[in-house]
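# Residue-level structural notes
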Amino acid sequence: MMNTRKFLILAAISLGLVTSCSDDDDTPGEVLEEELITDITVTLTAEGADAVLLTVNDPDGADGPDAPVITTSGSFKANTVYTGSFEILNKSEEEPENVTEEIEELAAEHQFFFVAKDVAITTAYTDTECDYTTEACDAATAKPVGLAFSLTTAEAGTGTLRVALRHEPNKDAEGVAAGDITNAGGGEDIDVTFNVTVE
Amino acid sequence: MKRGTLCIWLLLVIQVSYAQDCLKTLSGSVIDFHDGLPLEGATISYNNITIQTDAEGKYSIPNLCEIAYAFTIAHENCNSQVVTINVQEITHKDFYLEHHLSELGEVKIASIQEQLRSSYEGALDKNDIERYSAASLGDALKEITGVSSINTGSTIVKPVVQGLYGSRITIVNNGVRMQDMEWGEEHAPNIDINTAGSVTLVEGASALQYGGDAIGGVILMKPTKVPLKDTLFGKLHTSFSTLGRGNATTAELSKGYKSGSFFKVQGMIKKFGDVEAPDYVLSNTGIEGKGASISFGKNKFEYGWDVFYSYFENEIGILSAAHLGNTNNLIEAINSREPRIIRDFTYAIDNPRQDVNHHLGRVNYFKRFEKLGKLNIQYDFQKNSRKEFDIRRGEELSKKPSVDLELTTHTLSTDFKFDSKPNYTVNVGFMGRYQENFASGENGVRRLIPDYEKIDAAGFLIATVDIADGLTYDGGVRYDFNYIDALKFYRKSTWEDRGYNIDFAEFEVRDAEGSQLLTNPVYEFHNFSTTHRVQYEFNNYRLAANYALAKRAPNPAELFSDGLHHSAARIENGDLRIGQETSHKMQLSLQKNGTFWRWKVAPYVNFVQDYILIEPTSVRLSIRGSFPVWDYRAADSRFIGLDMNTSFHWSDQWRTDHSFSIVKGKEIDTDTPLINIPPPSLRNKVSYTKEKLNLSLESEYNFRQNEYPDNIMVFSSAEQKEVPLDINTPPDAYHLLHFSSDYSLDTGTKSTLKIGVDIHNILNTTYRNYLNRLRFFADDLGRNITVRLSINY
C-alpha cells in the first residue's frame, strides 16, 4: 500500500496549502474613483452684463442614485458676446482634483460641444490644442478643444444649452472642428443640459 | 520487455517438454473482480488453444503437461491478463477480471446498451471536438439539440441549455467543477475544448454528484484515457481560418504502460485577428489563446491515482464600436445599423479587452473493494483571474484594468460507489470547498464585485436501480450549505436609496472616504435538491420521465453588483434581498432507435420560483449623461420547451439529420416574456459518407424571437426629449448554410492524416443574433472558410 501512503502525504500537503492560504483576510481599502467628475462650473462673462454661471453638482457620480443638481445663475443679455471658461473638479477626495488640468494635458483626445435649442445662442471655439502643449504645434491646422469659447446671444427667448465633452472624438470628421457634434463619435465624459434664458 | 522474454522462454519450455506425459487438468472459474459474479464466455488461451468458460463461469483444461504455462485470460470489455501457472503444483485456479474497463481507462466507445442506460441528453465525440478545435466549448455544445449560446461577439460564448445559462449551468472539467466567475454574462468558460475527449450534457440524478444548483444542466468534459498497455501515441491538429486570418494548433502526446502508469501532455495555441461581417471589419475582435495540460498517474485494478494540472489563458478584444459613453451613444448605435468604428484589419488587440487565465490542478485517488465498490478521493485547486480593460481617460489609466478579480478555490471531495450488486448501485459522497474572491482596488474604479470568502459543504446520495427488464430508476438527494462573507464598500447614497440602512443595518461596519460605507454582508443558504427518473425500454423505444428539484443560492453578482459596468455602459444593481431560486423541472422523452429511422422528442416544463434575472428598468442621469439601469430581481417564472431530433439513414452513404428546439420563458404573475430566451431554431443536415470521405451540408434557421420584454423610455440629450430605447427588440430571423468535409489518408501503419475543409455561412448572409450582446452595434460573422489538418500518430 505504498501508493496509498504517497497519496495521503499528498493530501496532507494539499490541506496544508488550503489552511496556509486562507489567513489573509485583511480588510480591503475603499476605492476612490479616478475618473469621477463631481462639479462643473461654466463661467460666462461679458462687458456690461452680469456673469452667468452654469453649475452642476453630482457628488455620487455616474452610478449613484442621486441625480445631478443643475443650475443656471441668471439670464443672458440679448445681443451680447460672452467669454466662456470651465472649472471641472472631482471633490470626492479630500484634496479636490482639478480635472480641467487633466483635460488640458490630454487636449488632443478631448473636445467640448455646445448645442443650443429653441434659443438664439451660438458658440465658437477660442482655443486650439496648441494652447495646451509645450511641443511644437501649428496653430493654423490645430484642432479646437473648447475649454475656452465664446457665446453670442441674439434676440430674447428661453431654451436649453447642452454642454458635452467627448473623449477620443473623431476631430477630422465633417463639421466636428466647427463644433458640430453629429459626427464626433467618441465616448461621453460630460453631457449636461442647462435651462437658459436670454432677456 | 521482460515479459516478452518470458514468453519466448515459456514457448521454448513448452516445445522441449512436449514429449512428456500430459494428463493434468486445470480447472476453476473466471470471476468479475468487481462484483464477484462469474463471467460467461471468458476465453483462456495458451499455446494456440482457446477454451471458453460456461454459463457459471467455469472452465476446465484437460491434457496439460507437468510444466508451467502462460495463460491469457480475456473477456469482452475486460483487459486481458497473462498468468503463469505451474500445472505440476496447481490444478485449481480462479481468475479475477475487471469488467468495468471504461472506468479503468480502456479507450472504448460505450456500447449502445450502455448509452441507453445513462441519462445522457447529448454528447460530443472526438470528431465534433476536432471540428471546433479553434472555437470554444460554447460553440461546440450548440451541436446538441436544445443548447444555444449567449455571446459577446464571436469569441465569448456562454452555453445556454433549455433557456438557462450562467450560474445555472455547471461545467465539470476532468472531475473538477469549474469556478471561473460564471456569473458574468460576458464571461466565457475558461476551458480549452481540446483538453476534452468527450463532452456530455448530463441530466438526471448523476448530475447531483457535481452540484445541486445546476438548474440548467451539467456539462461533463472528460479527457481521453490512456489505455492500459505499453503504448505511445499522440495527435497534432491545426487549422487556418479566413475570418480572423488566424491559426489554432493543438498537440497531444500520451504514454501508457501495461503496469497502469500513464503520462500525458497537451498544448494549445491560437491567434486570430479581427473577424469580419459580410460588409465590414469588426474592429478589435481578435483573440489570442494559450493552454497546456499535463497529467500522470497509475491505474490498476484495485487502485489508482492521478495528478492533473491545466493552464488556460485568453486575451479577447471586444468590438471597438461597442464601447459606449452614455445612452446617447446607445441610441445612436441602435439607430445607425452600422458600427461607429470601422478600421482596417489588424491582429492587435486594443481596449476594450479581457485578459483571463485559469489554473486548475487536481489529485485523485481511488480504491476498489472486492464485492463492495469503489472509493474516490479528490482534492482540486483552481485560480481564476480576470482583468477587463476599458477605454479610460488618458493612456495611463487605460493601462489599468477596470475589473481586476482573482478567484481562488480549494475543494476536497470524496465518494463511495457501491456497485457490486447486479441490479442497483448507490453512490454516496461529500464535498467541502473554500473559496476566496479578491478584487483589486488599485485601479481607480469602484469594485463591481466585492472581496468575499465562501464556504460550501455538501453531501449526496444517488441510486440506480434495475426494477424489471427494461425498467430502471435513478434518483438522488443532495444537500448543499453555502456560507458567504463579503466586505463591500457601498456609496452611502446607494445604501440609503435602496433602504439597506433600514433592512441591513447589521451589515454596516464603518464610514469610509468618498461618502462610502464599509459593509460586511454575511449569508447562509441551505439548499436541498433531488432528482427522480424512470426509464422504460421496449423494442427499440426508450421512454423516460424525469423530475428534478433544484435550489440555487444567488451568486455574488446577483447580490452585490452595484455600479457602472463600463464595458456595457450600464448600471448594474444587485439586490441584497435576493434569495434562492427553486426549480421544479419535469421532462419526458421518447426515443426510437431504428436502423433507418431514429428520433427523439423531449418536452419539458420548468417552474422556477424566484428566478433571478437582470433587465433594463430605468435610466439614471449623471454628469456623464444618462445610463440605462439594469436591476437584478426575482420573479416566479416558467419555461416550457420542446427539443426534437430525428435522423434518416437512407443508405450506407446518405443520411439526413433534423432538429428543432423551442423554449418559452415567461413570468408567471404578469405573463410577460423573460429577457434573453433563445428563439426557436431548426437545423437540417444532409451527410454523405464513403469510406474515408465525409461531406455534409447544413441549414440553420433561427426564428425571430417574438416574445420579449417591453422597451424602455430614456431621455436623449441629443434630442432633448424622452425617446424609446429599442434595447429589447430582437433582430429578424435568419438562415445560414454551412458545409463541412473531411478525408482521411493512411500514411503508415500507425498514423493517419485527416484533411478537412469547413465553410461557415456559405452565402455570406448578413444577420444579427438576438443572443449576441453586441447585436446593437454590428452584424454577425460573414463567410468563414477553415482548413483543418490532423495527424494521429
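A brief look at the structure comes next.

### Let's talk about the pattern of salt bridges
Residues and elements named next belong to chain B. Scanning all chains against the criterion turns up 44 salt bridges over all chains. For Glu698, the salt bridge is made with Arg683, and the minimal N-O distance between the two is 3.3 Å. Taken together, the residues Glu698 in strand β38 (residues 693-702) and Arg683 in strand β37 (residues 681-690) connect sequence positions 15 residues apart. Relative accessible area serves as the criterion here: at 16%, Arg683 is assigned to the buried category. One salt bridge connects Glu700 with Arg683, and the closest N-O pair in it is separated by 3.7 Å. Taken together, the positions of Glu700 in strand β38 and Arg683 in strand β37 put the pair 17 residues apart, joining distant regions of the chain. Members of the salt-bridge network, linked through shared partners, are Arg168, Arg552, Glu558 and Glu581.

### So, the sheet that holds strand β7 (residues 95-97) of chain B
All names here are of chain B. One open sheet holds the three strands; their spatial order is β4-β1-β7, and the pairing between them is mixed. Looking at which strands have only one partner, the edges of the open sheet turn out to be β4 (58-64) and β7. Across the sheet, the mean angle from the axis of one strand to that of its neighbour is 25 degrees, orientation sign disregarded. Where strand β1 (residues 24-32) and β7 come together, three bridges link them in parallel fashion.

### Points about the state of the cysteines
Residues and elements named next belong to chain A. If you walk through the whole model with that rule in mind, you get one disulfide over all chains. Each disulfide pairs two cysteine sulfurs, and for Cys130 the partner residue is Cys137, the sulfurs being separated by 1.8 Å. Linking Cys130 and Cys137, the disulfide has an S-S dihedral of approximately -80 degrees and is accordingly described as left-handed.

### A word on the nonpolar core
Grouped together as the largest cluster of nonpolar side chains are 66 residues, with contacts concentrated most on Tyr523, Leu576 and Phe777 of chain B. Sorting elements by how many residues they give to this core places helix α6 (residues 327-336) of chain B first, with four residues. Sequence-distant contacts of Leu576 of chain B, that is, excluding residues within four places in its chain, are made with Tyr490, Trp495, Tyr500, Phe504, Phe507, Tyr523, Leu559 and Phe560 of chain B. Among the nonpolar cores identified, the runner-up in size contains 40 residues, and Leu44, Val99, Ile103 and Ala164 of chain A belong to it.

### Digging into a negative patch on the surface
Side chains of Asp66 of chain A together with Glu496, Asp497, Glu506 and Glu508 of chain B sit close together on the surface and give a patch of like negative charge. Along the chain, Glu496 of chain B turns up in helix α8 (residues 492-497). Among the residues examined, Glu496 of chain B registers a relative accessible area of 48% and is labelled partly exposed.

How each quantity is defined
- Residues numbered from 1 in each chain as written.
- Chains lettered and ligands numbered in written order.
- Predicted model: local features only at pLDDT ≥ 70, side-chain atom pairs only at ≥ 80, totals over all residues.
- Heavy atoms only, no water.
- Salt bridge = Lys/Arg side-chain N within 4 Å of Asp/Glu carboxyl O.
- Helix = DSSP H or I, 4+ residues; strand = E, 2+ residues; numbered from the N terminus.
- Buried < 20%, exposed > 50% of the residue type's maximum accessible area, 1.4 Å probe, protein only.
- Pairing = 2+ DSSP bridges.
- Axes fitted to C-alpha atoms, helices over the stretch in contact; angles between N-to-C directions.
- Disulfide = S-S within 2.5 Å.
- Core = buried A, V, L, I, M, F, W, Y, C linked by side-chain atoms within 4.5 Å.
- Contact = heavy atoms within 4.5 Å.
- Patch = residues over 30% accessible without salt bridge, like charges linked within 9 Å, V, L, I, M, F, W, Y side chains within 5 Å.
- Areas by Shrake-Rupley, 256 points an atom, 1.4 Å probe, with all protein chains shown as cover.
- Lys, Arg positive; Asp, Glu negative; His and termini not counted.
- Charge placed at Lys NZ, Arg CZ, Asp CG, Glu CD.

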